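# A closer look at the structure
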Amino acid sequence: MIRVEWLYWLVGAVFLAMAAQMATDRSNPKRFGSAAFWGLLGASFCYGTWVVQKTAPAAPLGLAVLAMICLAGLGFTGRGTPATTTPAQRAASAAKLGNRLFVPALTVPLVALLCATLLKDVHLGRRPLFQTGDETLLGLGIGAIVALAVGLLLTRERNPGVALHAGRGLLESMGWALLLPQLLAVLGSIFQTAGVGTQVGKLTVHLLPHGDRFAAVLLYCVGMAVFTVIMGNAFAAFPVMTAAIGWPVLIGQLHGHPPVVLAVGMLAGFCGTLVTPMAANFNLVPAALLELKDQYGPIKAQAPTAGALLVCNIAIMSIFAF
Amino acid sequence: MIVLLGVLIVVAGFAARRNPVLIVGVSGVFTALLAGLGPLKVLDAFGAAFASSRSVTLFAITLPVIGLLERHGLQEQARALMGRLAGLSTGRLLAIYLVIRQLGAATGLTALGGPAQAVRPMIAPMAEAATERRHGPLTGRARERLRSFAASADTVGLFFGEDCFLAVGSILLITGFVNATYHTHLEPAQLALWAIPSAVCATLVHGARLLRLDRTLARESAGAATEPTLEGAK
């Protein structure tokens, strides 16, 4: 059986290899800080396996996470100047390889689809080929490996280290923003442990006119959006707002249909994600990748859509949940 | 009530434009301490939560192949291809990409697009080429707007497509949280079904805005043609 943890080890190994490259990259003024950050991340991906299985203590990993937060948060990471091809070389290569260049890029989703549908039910002996429930993630990993092999063949590149080097360039250009969504998921889980949701609930019950259905829907949807803007992640806002109002008021008191309330509530949160710089991976990373001067460009493009969709979600919940 | 200070730290940190990574760290440690967790328990909470959220960062595995292809001219080829695909305006191209991205995400293919995998190497260069073909060279401002909308087509498509797929993180988060906390039994499929009305609204609203982009770009390039020194003068 192919286990999802093997994929995490592979990602961990890639981060570790890139960290080793960074440590020797003299063009990066902060090479040791960068190497320490990505090296810790790589080690955490591997060590996490035993934390999930509860066969290793979680505290050392927590310490590593705090160390990564300090390295990235206090400006100890930087980027080097990766050695790459010249524009003329790329144009010549594009002319030679043509549309075949798209084949490896399209291989990733194609293999992922294959794994998530056809190979999902394949069994070796009596055990499933892929770990149950993680077929899509495994498909993504296998797709990336197959695509790399196809890409190396296509470009007649004999040294896989070239791909690793090129990938490191992309990694460095994203920087710590690459890790932010995962850190936000961690924050949401800590808020949940600390009982933040229960406290917000006590506050909102005081604010809400008793039995007013529309006010409750409005409060839940707008609350999800606003909390998501603050936290940068609907995943972090959802447990807080659902414990505060979604479950006790909308479902408990007003007998709303749970699937509608919860699914639309989450989507109301996504409207918030569209307009917050805290959701760096969706809003600031694209701006950085596209080399925009205005890092809030994507947010400005998305804001009117987000507002309209929040209204839509409030309407959908009001009409279909009761 | 005192644990709400953790939320305040996030708000204040963001308002003061501190590094988001640092804000998350400080707020997490403070909230856990305020909730009465000892220092070792705080580390435990961070470690356990980090280990179980690794899937969020898994997409980094695709970076080497994308980097390799970019080295060999993927972006240049995307431009060349778009140059040959006559008739498709920028707005139509982006609207088509929005729908493809939504359908892909709705069938669980969240890896089908993405800013690193598709927008930077393919969609943005294609959109730029389409505009240049119609309206001539792009001004700096038009290029910024174009790239921003290319990124937005990807993000809106992903957000309002993926929840129609039942094995996606947000659906699993909803069922996991609610079933464990309130001892009920919700099926992921029921939730995915009720994500469809919002997905349809997203297609209509953002699709219409992307189609309108053509007119905005035409107006901007016309404005730039009458004031050719604007870019140089500032």
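Residues numbered from 1 in each chain as written. Chains lettered and ligands numbered in written order. Predicted model: local features only at pLDDT ≥ 70, side-chain atom pairs only at ≥ 80, totals over all residues. Heavy atoms only, no water.

An unreviewed UniProt entry lists chain B under the name Putative membrane protein, from Kitasatospora viridis.

As annotated in an unreviewed UniProt entry, chain A carries the name Putative membrane protein and comes from Kitasatospora viridis.

### Structural notes on the overall build of chain B
Convention followed: In this text, helices come from DSSP runs of H or I with a minimum length of four residues, and strands from runs of E with a minimum of two, each type numbered from the N-terminal end. Working rule for contacts: check all heavy atoms of both residues, and any pair within 4.5 Å makes them a contact.
From N to C terminus, chain B includes twelve helices and zero strands. Listing every helix and strand of chain B by position from the N terminus yields α-α-α-α-α-α-α-α-α-α-α-α. Sequence separation of at least 24 residues holds for 69% of the intrachain contacts in chain B that already meet a minimum separation of 6.

### A few points about the interface of chain A and chain B
The condition that has to hold: Note on definitions: buried area is the accessible-area loss of two parts on being combined, 1.4 Å probe, summed for both. The salt bridge criterion pairs a side-chain nitrogen of Lys or Arg with a carboxyl oxygen of Asp or Glu, the two atoms within 4 Å. Nitrogen and oxygen atoms within 3.5 Å of one another constitute a polar contact, given that in protein one can donate a hydrogen and the other can accept it, and given that sequence-neighbouring residues count only through two side-chain atoms.
In this complex, chain A contributes 129 residues to the contact, which on the side of chain B involves 103 residues. Buried area between chain A and chain B, both sides added, is near 10600 Å², and the carbon and sulfur share of it is 80%. The three residues of chain A that bury the most area against chain B are Phe102, Gln182 and Leu290 of chain A, which together make up 6% of that side's buried surface. Inspection of the chain A/chain B interface yields two salt bridges. Between Glu5 of chain A and Arg54 of chain B there is a salt bridge, with the nearest N and O atoms lying 2.9 Å from each other. Remark: the boundary between chain A and chain B carries 18 residue pairs in polar contact (both at pLDDT 80 or more).

### What about the confidence of the model for chain B?
Residues and elements named next belong to chain B. Rule in force here: Predictor confidence is given residue by residue as pLDDT, running from a minimum of 0 to a maximum of 100.
Taken over all residues, the pLDDT of chain B has a mean of 82, while the share at 70 or more is 86%. Per-residue pLDDT, averaged within each element of chain B, yields its smallest value for helix α12 (residues 230-233) (43) and its largest for helix α8 (residues 140-162) (92). Predicted confidence is poor over residues 228-234, with pLDDT under 50, and the contacts of this stretch with residues over four places away or in other chains come to one contact. Here the predicted complex scores 0.76 on pTM and 0.81 on ipTM.

### Here's the deal with the nonpolar core
Our working rule: Within this scheme, the nonpolar core is defined by two criteria: the residues are buried Ala, Val, Leu, Ile, Met, Phe, Trp, Tyr or Cys, and they are joined through side-chain atoms within 4.5 Å. Note on exposure labels: buried denotes an accessible area under 20% of the residue type's maximum, exposed denotes more than 50%, and partly exposed covers the range between, all computed with a 1.4 Å probe on protein chains only.
Phe15, Trp38, Tyr220, Leu262 and Met317 of chain A together with Phe50 and Phe160 of chain B are the most contacted members of the largest nonpolar core, which totals 168 residues. Top contributing element to this core by residue count: helix α11 (residues 234-253) of chain A, with twelve residues. When sequence neighbours within four positions are dropped, the list of residues in contact with Phe160 of chain B reads Leu267, Phe270, Cys271, Leu274, Leu309 and Asn313 of chain A together with Gln102, Ser198, Ala199 and Ala202 of chain B.

### What about the UniProt feature "transmembrane region" (unreviewed entry) in chain B?
All names here are of chain B. Our working definition: UniProt positions are given in the numbering used here, feature names are shortened, and annotations may be inferred rather than shown by experiment.
Under the local residue numbering, the UniProt record ascribes the feature "transmembrane region" (unreviewed entry) to residues 42-69 and 191-211. Segment residues 42-69 splits into 64% helix and 0% strand. End C-alpha atoms: 43 Å apart. In residues 191-211, helix accounts for 90% and strand for 0%; the two terminal C-alpha atoms are 31 Å from one another.

### Looking at the environment of Pro137 of chain B
Residues and elements named next belong to chain B. As for its position among the elements, Pro137 is in the loop between α7 (115-135) and α8. Pro137 gets classed as exposed once you look at its relative accessible area, which sits at 76%. Linking Pro137 and Ser221, residues 84 residues apart in sequence, is a C-alpha distance of 8.4 Å.

### A word on the confidence of the model for chain A
Confidence in the prediction for chain A averages 88 pLDDT; 100% of positions are at 70 or higher. Confidence scores differ between elements of chain A, with helix α9 (residues 196-207) of chain A showing the lowest mean pLDDT of 78 and helix α14 (residues 297-320) of chain A the highest of 96.

### Description of the layout of surface pockets
Where we set the bar: Both cavities and pockets are sets of points on a 1 Å grid over the protein atoms alone; in a cavity a 1.4 Å probe fits but cannot get out, in a pocket the set is open with protein on both sides within 12 Å along at least five of seven lines, and lining residues sit with an atom within 4 Å of a point. Grid points are joined across faces, edges and corners, and a volume is the space filled by probe spheres set on the points.
Roughly 690 Å³ of internal volume is contained in the second largest pocket. What lines the second largest pocket is a set of 25 residues, and nearest its centre among them are Leu170 and Glu291 of chain A together with Glu70, Gln75 and Arg120 of chain B. Elements with a minimum of two residues in the lining of the second largest pocket: α7 (160-174) and α13 (280-289) of chain A together with α4 (63-71), α5 (74-84) and α7 of chain B. No other element matches the five residues that α7 of chain A contributes to the lining of the second largest pocket.

### Brief notes about a positive patch on the surface
Residue and element names in this part refer to chain A. Counted only if it meets this: Put simply, a patch holds well-exposed residues, over 30% relative accessible area, that have no salt bridge, with like charges counted together within 9 Å and Val, Leu, Ile, Met, Phe, Trp or Tyr side chains within 5 Å. Per-residue and other accessible areas were derived by the Shrake-Rupley procedure at a 1.4 Å probe size, with only the shown protein chains allowed to occlude residues. Residues counted as positive are Lys and Arg, residues counted as negative are Asp and Glu, and His and the chain ends are not counted. We put the charge of a Lys on NZ, of an Arg on CZ, of an Asp on CG and of a Glu on CD.
A contiguous patch of positive charge, built from Lys96, Arg100, Arg156 and Arg158, is present on the exposed surface. Following the sequence through the fold, Arg158 ends up in the loop between α6 (135-154) and α7. Since its relative accessible area comes to 82%, Arg158 is described here as exposed.

### Describing helix α6 (residues 90-106) of chain B
Going by this rule: Each helix should span, by expectation, one fewer than its residue count multiplied by 1.5 Å.
If you check α6 of chain B, its first and last C-alpha atoms are 24 Å apart, about what 17 residues at 1.5 Å a residue would give, namely 24 Å. When α6 of chain B is considered as a whole, its buried residues turn out to be Thr90, Gly91, Leu93, Leu94, Ala95, Tyr97, Leu98, Arg101, Gln102, Gly104 and Ala105 of chain B.

### Details of empty space enclosed by the protein
The cut-off we apply is this: Gly is placed with the polar residues, together with every amino acid not listed as nonpolar (Ala, Val, Leu, Ile, Met, Phe, Trp, Tyr, Cys and Pro) or charged (Asp, Glu, Lys and Arg).
Within the structure shown, the criterion is met by two cavities of 30 Å³ or more. Along the walls of the largest cavity sit Thr131, His135, Gly136, Pro137, Leu138, Thr139, Ala142, Leu217 and Ser221 of chain B, which together make up its complete lining. Secondary structure elements with two or more residues in the lining of the largest cavity: α7 and α11 (196-226) of chain B. For the lining of the largest cavity, the per-class residue count stands at four nonpolar, five polar and no charged. There is about 30 Å³ of room inside the second largest cavity. Along the walls of the second largest cavity sit Val11, Val14, Phe15, Met18 and Leu171 of chain A together with Ala60, Ile61 and Leu63 of chain B, which together make up its complete lining. For the lining of the second largest cavity, the leading source of residues is helix α1 (residues 4-23) of chain A, giving four residues. For the lining of the second largest cavity, the class distribution of residues is eight nonpolar, no polar and no charged.

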